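Here is what each chain is made of, one letter per residue.
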Amino acid sequence: MDVAHVERVYSSYSGIYDLIFGRVFHSSRCRAIELLRLKSGDHVLEIGVGTGLSLPLYPQWCRITGIDLSDKMLAKARGKIATDRLAHARVFRMDASATDFADDTFDAVIATYVMSTLPDPEATLREMVRVCKPGGTLVLLNHFRATHRLGARVERWLSPICRRIGFRSDLGLEDLLNGAPLRVLVRRRVGPFGYWMIVTARNEKPPRGSMDTFKRPHHLAGATALS
């Protein structure tokens, strides 16, 4: 997948996205936002904000910045901001793998149902770490490749088909996190059908965020796996 393909596919979904992905995934979105453990005044970046389904779920005492590739999706998000009077939220068109934000801009960064849709999820995770403050929180809500052999084989076989409709089925969590300065705190399966996983991690890059930290192996110590 490339950026143009992703933008084209998700722009085509913009008119029906809320109908298909709204209520079914609502509770998982709520849980992911709860796991950010936000404090008053925190500034949150949402990667792949889409039509803004998550925006009304954030507390109004935080600042929310959302980015997405699709102008049509963002138009829907801006409509929600206006209709629901979400003065604490703003959205921009931006490539998540190469954002315009300065280092250490955000207290927390979240990506819900988006990592598998990106042309370069590894580069996007590096950006998430870069723009998040040291000690900040990163939350991923996504499907990750099965760890058992048969399931992983099936997902690899399906991946070329899935890519045509805008996502990949074979993104591995360990592959994605490899070398990132993150300490995973929670890994929790969520519905529908336990197919999705919420991963919460603390950003353990050193102050002023040298990206050389990606050369070090990541931690899984202290992770809490819940079903």
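Residues numbered from 1 in each chain as written. Predicted model: local features only at pLDDT ≥ 70, side-chain atom pairs only at ≥ 80, totals over all residues. Heavy atoms only, no water.

Student: Is there a simple way to think about the confidence of the model for the chain in this case?
Tutor: Close reading of the predicted structure is inappropriate where its pLDDT is low. Looking at the chain as a whole, its pLDDT mean stands at 82, while 73% of the residues score no less than 70. Mean pLDDT in the chain bottoms out at strand S8 (residues 224–226), which sits at 40, and peaks at strand S1 (residues 43–47), which reaches 98. Counted against residues more than four places away or in other chains, residues 215–227, with its pLDDT under 50, gives 33 contacts. (pLDDT = per-residue confidence, 0-100. Helix = DSSP H or I, 4+ residues; strand = E, 2+ residues; numbered from the N terminus. Contact = heavy atoms within 4.5 Å.)

Student: Would you mind going over the nonpolar core with me for this structure?
Tutor: It is characteristic of soluble globular proteins that their nonpolar side chains tend to be buried jointly. Counting residues in hydrophobic clusters, the biggest one holds 30 residues, and the most contacted among them are Ile47, Val109, Met115, Leu125 and Met128. Of all the secondary structure elements, the ones that give two or more residues to this core are S1, strand S4 (106–112), helix H5 (121–131), strand S5 (132–142), helix H7 (173–177), strand S6 (182–190) and strand S7 (196–203). Broken down by element, this core gets its largest block of residues, four residues, from H5. Core analysis: the second largest hydrophobic core is formed by 26 residues, Phe25, Ile33, Val49 and Ile110 among them. (Core = buried A, V, L, I, M, F, W, Y, C linked by side-chain atoms within 4.5 Å. Buried < 20%, exposed > 50% of the residue type's maximum accessible area, 1.4 Å probe, protein only.)

Student: Explain the pattern of salt bridges to me, please; I cannot follow it from the model alone.
Tutor: It is possible for side chains of opposite charge to pair when their charged atoms get near one another. Within the structure shown, the criterion is met by 10 salt bridges. Between arginine 31 and glutamate 34 there is a salt bridge whose closest N-O contact spans 2.8 Å. Here the residue arginine 31 and the residue glutamate 34 both occupy positions in helix H3 (residues 26–34), the gap between them amounting to three residues, near one helical turn. Here arginine 31 falls in the partly exposed class, since its relative accessible area comes to 23%. A salt bridge links glutamate 127 to arginine 130; its shortest N-O distance comes to 2.7 Å. Taken together, the positions of glutamate 127 and arginine 130, both in helix H5 and three residues apart, correspond to about one turn of that helix. In this structure, glutamate 127 and arginine 130 share a single accessibility class: buried. Through salt bridges with shared partners, a single network forms among Asp103, Glu127 and Arg130. (Salt bridge = Lys/Arg side-chain N within 4 Å of Asp/Glu carboxyl O.)

Student: Would you mind showing me how to read a nonpolar patch on the surface here?
Tutor: On the surface, Ile16, Leu19 and Ile20 cluster together into a nonpolar patch covering about 320 Å² of accessible area. Within the element layout of this structure, leucine 19 appears in helix H2 (residues 17–21). (Patch = residues over 30% accessible without salt bridge, like charges linked within 9 Å, V, L, I, M, F, W, Y side chains within 5 Å. Areas by Shrake-Rupley, 256 points an atom, 1.4 Å probe, with all protein chains shown as cover.)

Student: Looking at this structure, how should I read H5?
Tutor: In an α-helix there are 3.6 residues to a turn, and that puts residues three or four apart on one side. Counting buried residues in H5 gives nine out of 11 residues, a clear majority hidden from the surface. Of the surrounding secondary structure, the elements contacted by the buried residues of H5 are S1, S4, S5, H7, S6 and S7.

Student: Explanation requested: the environment of alanine 201 in the structure shown.
Tutor: As for its position among the elements, alanine 201 is in strand S7. For alanine 201, a relative accessible area of 4% translates into the label buried. With 63 residues separating them in the primary sequence, alanine 201 and leucine 138 have C-alpha atoms 5.2 Å apart. Setting aside anything within four residues of it in sequence, one finds alanine 201 in contact with Gly136, Thr137, Leu138, Leu182, Arg183, Val184 and Leu185.

Student: What should I look at first to understand the pairing of S1 in this one?
Tutor: Along a regular strand, successive side chains alternate from one face of the sheet to the other. With five of its five residues buried, S1 lies for the most part within the structure. Covered by surrounding structure in S1 are His43, Leu45 and Ile47 together with Val44 and Glu46, the residues of both alternating faces. Across five bridges, S1 lies against strand S2 (residues 63–68) in parallel orientation. Of the residues in S2, the one forming a bridge with histidine 43 is arginine 63. Of the strand pairs in this sheet, S1 and S4 are connected by four bridges, and their pairing is parallel. Its bridge partner lying in S4, isoleucine 47 is registered against alanine 111. (Pairing = 2+ DSSP bridges.)

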